[in-house]
There are 2 protein chains.
Amino acid sequence: MYFSKSFIPILKNNPTEAKIKSHQLMLRTGMIKQSSAGIYSWLPLGFKVMKKIEQIVREEQNKVGVQEILMPTIQSSDIWKESGRYDDYGEEMLRIKDRQNREMLYGPTNEELVTEIFRSSIKSYKSLPQLLYHIQWKFRDELRPRFGIMRCREFYMKDAYSFDISDDEALYSYNKFFLAYLNTFKRMDLSAIPMAADTGPIGGNLSHEFIILANTGESKIFTDKRIFNVDSSSTTIDQNSLLELRNNYEKFYAVTDEKFSKKEFEDNVNEENRLQTKGIEVGHIFYFGDKYSKSMNATVDYNGKKEFVKMGSYGIGVSRLVGAIIEAKYDDKKEIMKWPISVSPYDCCVLPIINKNDNSNLEKAVNIYNLLKKSGLDVLIDDTDENLSSKIKKFNLLGIPYQIIIGKNFNENKIEFKEIDREPIYISLEEIIKKIKDKKSN
Amino acid sequence: MYFSKSFIPILKNNPTEAKIKSHQLMLRTGMIKQSSAGIYSWLPLGFKVMKKIEQIVREEQNKVGVQEILMPTIQSSDIWKESGRYDDYGEEMLRIKDRQNREMLYGPTNEELVTEIFRSSIKSYKSLPQLLYHIQWKFRDELRPRFGIMRCREFYMKDAYSFDISDDEALYSYNKFFLAYLNTFKRMDLSAIPMAADTGPIGGNLSHEFIILANTGESKIFTDKRIFNVDSSSTTIDQNSLLELRNNYEKFYAVTDEKFSKKEFEDNVNEENRLQTKGIEVGHIFYFGDKYSKSMNATVDYNGKKEFVKMGSYGIGVSRLVGAIIEAKYDDKKEIMKWPISVSPYDCCVLPIINKNDNSNLEKAVNIYNLLKKSGLDVLIDDTDENLSSKIKKFNLLGIPYQIIIGKNFNENKIEFKEIDREPIYISLEEIIKKIKDKKSN
């Protein structure tokens, strides 16, 4: 992509309305544009990042055997009345009347609708477990939307649902998601810790939030530092292996403020291991047994008897993760962002010094750009006549992790190659391509 | 995927509520499930087809240089009041009040919102042309939703918008979409004809509908048969080449009933070339100049003067295409569907004859299944104990184009391989894989 042809509307300065760094950076680099309170359009740069996150989330769901469906955004109120949540949900639910005066709503979550789909489709326990997910826009009519896409009204979320015949089987399903979540966040270069959490309006008695550390986080967290060393890389999708993983985490105290008890924290964690900080919730999983299957009469035939299925639900904030990654990776003092290569909007950028009335450097740069594209990399070239220091300043905000700088003394065996926020090195194009591809395949 | 583990709820008989064959087949094969009037959930089989269609649409937009963004579903009424369409649009627009009593709406189309994004981002004609698209859910509150996802309320659509400095440039953009649309439908094995059309509530004076022939279509069409022979395969994204393509089509009379004149039809088309039939609209493109840029004051700087940009818009019904392809490809007399391989939910299926208390055929089938998966194909295996004729009947409806049948006299050099609705042939697995892959890469 040529920068001059791209739709990346950069702002010169930090927008004053933005209070946290992800909101600032996203507006400043033209990733999003607010269309009304708490509702955003995603411009090409932000869209590309979100799509990459979505794809990672999808792949990790598929890996543990979850099947993708897609439920609509607009739901009928009937099923919410059946579950009893229509009145409970309060003003955060966007309620709508259609032209026939039917009560509809914009789905804030999908326990009811997926239960309705399940109960009319699956008749026998032999078809269990069923694990279903979808990635769809949701709406929660926040009273005070703020922090950009971190606490907005229309947001993009992966929500999954499990259906099992027994508590034991259901825990196996729960643990599959537990692993999938760890792997998902790891691929985005985030250390997310699973923490015991409250279940809130979803219900149930078992729940984990996945939290990444960030000073701007809304959740206070209290944990044993050693939890960061738990390794899930050898865990397989096997009931015992998954149980062991859960145990390895649950050995360590890790809670958010809702579940915090000073006494428990001090009794369970030696002083040198205590970590008290802030974090951002990026995923939340729940086990709630027959809460919805009972109220909505979702049963399967089990040897001639009707049994209520045992359910869990599993959410990841796909649009929110874009902001969460920025909160974790953006150094706003130095004004340097660095996207993990797995979600970066481009793999690398080419930054030529362009003098007026002299196209020779641009030509060299375009040549390099074409070769990089041909090798399969996604490249952004800055073909504008801004001076190099402005370009670097701008691209440090854009956060594409690799910069190829075409200066005055261009030497094709010693091209200036810079990993963002590091010293440049001078290597051939072949070596540059290899370095980037190695990083991508990690 | 194992059929016994899949979420493909098949109905034994045609659902009586469905009047047209796409609606019947989609319900019967568990592709969709209605959640309320004109609103559907997409189950795994239908979801996979829609995602493949979406990806083809995306790739062809990218090829002609359109950049992807994503606008929200919920819009503020303010911009619609600015353009003057808030009152015009009528009851098809789903109007919503949020908790602060602000007037919002579920976007039925996005001319206003994209114009707002454009005008606040692009200042100079030097950044033109700008071609932007998004693929997003829309809502039109149809009085009588019917025909399943063909005329529903919540639907998935690709809509693109072009911004240019002059009529000439804008026509060049228009023609890029013209070509992209032909290529898009061709990849789905559909012959879509571009037809002069009315512009309706979008406005403007130049418009084409892309129509595929189908007896169940809602549009009457009148055309010169020879239009089906126009070839776009050598057209390039060059102004003259695109003009020539347009001319090659416009030599032939081709209109829908809105634009039909008996006299013109008879004067322009020899009797032997006249074709009068029905069709389904799968795409619609519009050029409307400064209709929205004037009312919404979207200008760029052109040598010191403010000029209103010239705009067009370009829609493809992504969810509707799933139904349209079924209308074109499903033989409901024989009860045989055949998906074009490019959008088929799976590349092939493995159908073993399984006798109770004898797993040997299932084992052979699983082995073949694993080898097919290893070669990169997406396979559905029917591991249930239904008898073979029921399996074949079911899979003829599912429409996966290639069936591998593992019968009693299995011979690994002569495996029964059947392209749906053709006679079986007997070849090795290697040859089977080659045949399917060749077809996929076409």
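Secondary structure summary: chain A contains 13 helices and 21 strands in total. A globule of 442 residues ought to have a C-alpha radius of gyration of about 22 Å, and chain A, at 24 Å, matches this closely. Each principal axis of the C-alpha distribution contributes one length, and for chain A these read about 80 × 60 × 40 Å. Looking at chain A residue by residue over its 442 residues, the buried ones come to 49%. Taking the contacts inside chain A whose residues are at least 6 apart along the sequence as the reference set, 72% of them involve residues at least 24 apart.

Attention now moves to helix α1 (residues 21–28) of chain A. Judged by how many residues are buried, α1 of chain A sits mostly within the fold: 8 of 8 residues are covered. Taken residue by residue, α1 of chain A has Lys21, Ser22, His23, Gln24, Leu25, Met26, Leu27 and Arg28 of chain A as its buried positions.

Mapping chain A onto chain B calls for a screw motion: a turn of 180° about the axis and a shift of 0.0 Å along it, with 0.0 Å RMSD after fitting. Given the turn and translation reported, the copies of this chain are related as if by a two-fold rotation axis. Considering only C-alpha atoms, the part of chain A nearest the rotation axis is Ile96 of chain A, at 2.9 Å. Comparing interface residues between copies, 100% of those in chain A also sit at the interface in chain B, which points to an isologous, same-surface contact.

For the rest of this paragraph, the subject is the environment of Asp224 of chain B. Among the structural elements, Asp224 of chain B can be located in strand β11 (residues 219–224). Placed 130 residues apart in sequence, Asp224 of chain B and Leu94 of chain B show a C-alpha to C-alpha distance of 40 Å.

Here we take up the sheet that holds strand β17 (residues 348–352) of chain A. Residue and element names in this part refer to chain A. In space, the 5 strands of this open sheet follow the order β18-β17-β19-β20-β21, with mixed pairing throughout. Every interior strand has two partners, whereas the edge strands, β18 (379–381) and β21 (425–427), have only one. Strand-to-strand twist of the sheet, defined as the mean angle between neighbouring strand axes without regard to direction, takes the value 30°. Summarising the sheet, β17 and β18 pair through 3 bridges and their orientation is parallel. Each residue of the ladder has a partner; that of Val350, found in β18, is Ile381.

Let us now look at the nonpolar core. Counting residues in each nonpolar core, the largest one holds 262 residues, and the members touching the most others are Ile404 of chain A together with Ile404 of chain B. Once residues lying within four places of it in the same chain are set aside, the contact partners of Ile404 of chain A are Cys348, Cys349, Val350, Leu351, Ile368, Ile415, Phe417 and Ile432 of chain A.

Right, let's talk about the packing of helix α2 (residues 44–63) of chain B against helix α10 (residues 318–329) of chain B for a bit. A pair of packed helices can be characterised by two numbers: the angle between their axes and the separation between those axes. Residues and elements named next belong to chain B. For the pair α2 and α10, the least separation of the axes is 9 Å and the interaxial angle reads 115°. Between α2 and α10, the interaxial angle falls into the category roughly perpendicular. The handedness of the crossing between α2 and α10 comes out as right-handed. Residues Gly46, Val49, Met50, Ile53, Glu54 and Val57 of α2 touch α10, and the partners they reach there are Val318, Ser319, Leu321 and Val322. Broken down by class, the residue content of the contact of α2 with α10 amounts to 7 nonpolar, 2 polar and 1 charged.

All names here are of chain B. The sheet built from 3 strands is open, its strands ordered β4-β6-β5 with antiparallel pairing. Here the strands that pair on one side only, and so sit at the sheet edges, are β4 (74–76) and β5 (94–97). Mean inter-strand twist for the sheet, computed between neighbouring axes without regard to direction, equals 40°. Here β5 runs beside strand β6 (residues 103–106); their pairing, made up of 4 bridges, is antiparallel. Within β6, the position partnered with Ile96 by the bridge is Met104.

Let us now look at helix α6 (residues 167–187) of chain B. Counted at 1.5 Å a residue, the expected span for α6 of chain B with its 21 residues is 30 Å, and the 30 Å between its end C-alpha atoms agrees. Asp189 of chain B lies just past α6 of chain B and shows a positive phi near 60°.

All names here are of chain A. Note that the residue after Leu128, namely Pro129, is joined by a cis bond; omega there is -5°. Structurally, Pro129 can be placed in the loop between α5 (111–121) and β7 (130–139). Positive phi outside glycine occurs at Asn101, with the angle close to 70°. Topologically, Asn101 is positioned in the loop between β5 (94–97) and β6 (103–106). We classify Asn101 as exposed; it has 6 C-beta atoms within 10 Å.

Residues and elements named next belong to chain A. Residue placement: Asn413 occurs in the loop between β19 (402–406) and β20 (415–419). Residue Asn413 is classed as exposed on the basis of its 10 C-beta neighbours within 10 Å. Each C-alpha atom of the pair Asn413 and Leu351 lies 17 Å from the other, and the pair is 62 residues apart in sequence.

Residues and elements named next belong to chain A. Along strand β16 (residues 310–317), 8 of the 8 residues are buried, which leaves the element largely enclosed by surrounding structure. On β16, burial covers both faces: Lys310, Gly312, Tyr314 and Ile316 on one face and Met311, Ser313, Gly315 and Gly317 on the other are all buried. Judged from the 8 bridges that link them, strand β8 (residues 154–164) and β16 form a sheet pairing that is antiparallel. From the neighbouring strand, Asp159 faces β16, where its bridge partner is Gly315.

What follows is about the confidence of the model for chain A. Confidence in the prediction of chain A, expressed as mean pLDDT, is 95, and 100% of residues score 70 or more. Quick note on the complex model: pTM equals 0.97, ipTM equals 0.96.

Residue and element names in this part refer to chain A. Summarising the element assignment, Ile211 is placed in strand β10 (residues 206–213). The exposure class of Ile211 is buried, given the 29 C-beta atoms found within 10 Å. Sequence-distant contacts of Ile211, defined by excluding residues within four places in its chain, comprise Ala192, Ile193, Met195, Ser219, Ile221, Thr256, Gly279, Ile280 and Glu281.

Residue and element names in this part refer to chain A. Where helix α2 (residues 44–63) contacts helix α6 (residues 167–187), the axes come no closer than 9 Å and their chain directions differ by 150°. Comparing their axes, α6 and α2 come out roughly antiparallel. Where α2 crosses over α6, the two elements pack in a sense that is right-handed. Contacts between α2 and α6 involve Ile56, Val57, Glu60, Gln61 and Lys63 on the former and, on the latter, Ala180, Asn183, Thr184 and Arg187. Classifying every residue of the contact of α2 with α6 gives 3 nonpolar, 3 polar and 3 charged.

Analysis parameters
- Residues numbered from 1 in each chain as written.
- Chains lettered and ligands numbered in written order.
- Predicted model: local features only at pLDDT ≥ 70, side-chain atom pairs only at ≥ 80, totals over all residues.
- Helix = DSSP H or I, 4+ residues; strand = E, 2+ residues; numbered from the N terminus.
- Rg over C-alpha atoms; globule rule 2.2 N^0.38 Å.
- Buried ≥ 20, exposed ≤ 12 C-beta atoms within 10 Å, placed from the backbone.
- Contact = placed C-beta atoms within 7 Å.
- Least-squares fit on C-alpha atoms with pLDDT ≥ 70 in both.
- Pairing = 2+ DSSP bridges.
- Axes fitted to C-alpha atoms, helices over the stretch in contact; angles between N-to-C directions.
- Core = buried A, V, L, I, M, F, W, Y, C linked by C-beta atoms within 7 Å.
- Parallel < 35°, antiparallel > 145°, perpendicular 65-115°, else oblique.
- Left-handed = near helix turned anticlockwise from the far one by under 90°.
- Nonpolar A, V, L, I, M, F, W, Y, C, P; charged D, E, K, R; others polar.
- Expected span 1.5 Å × (residues − 1).
- pLDDT = per-residue confidence, 0-100.

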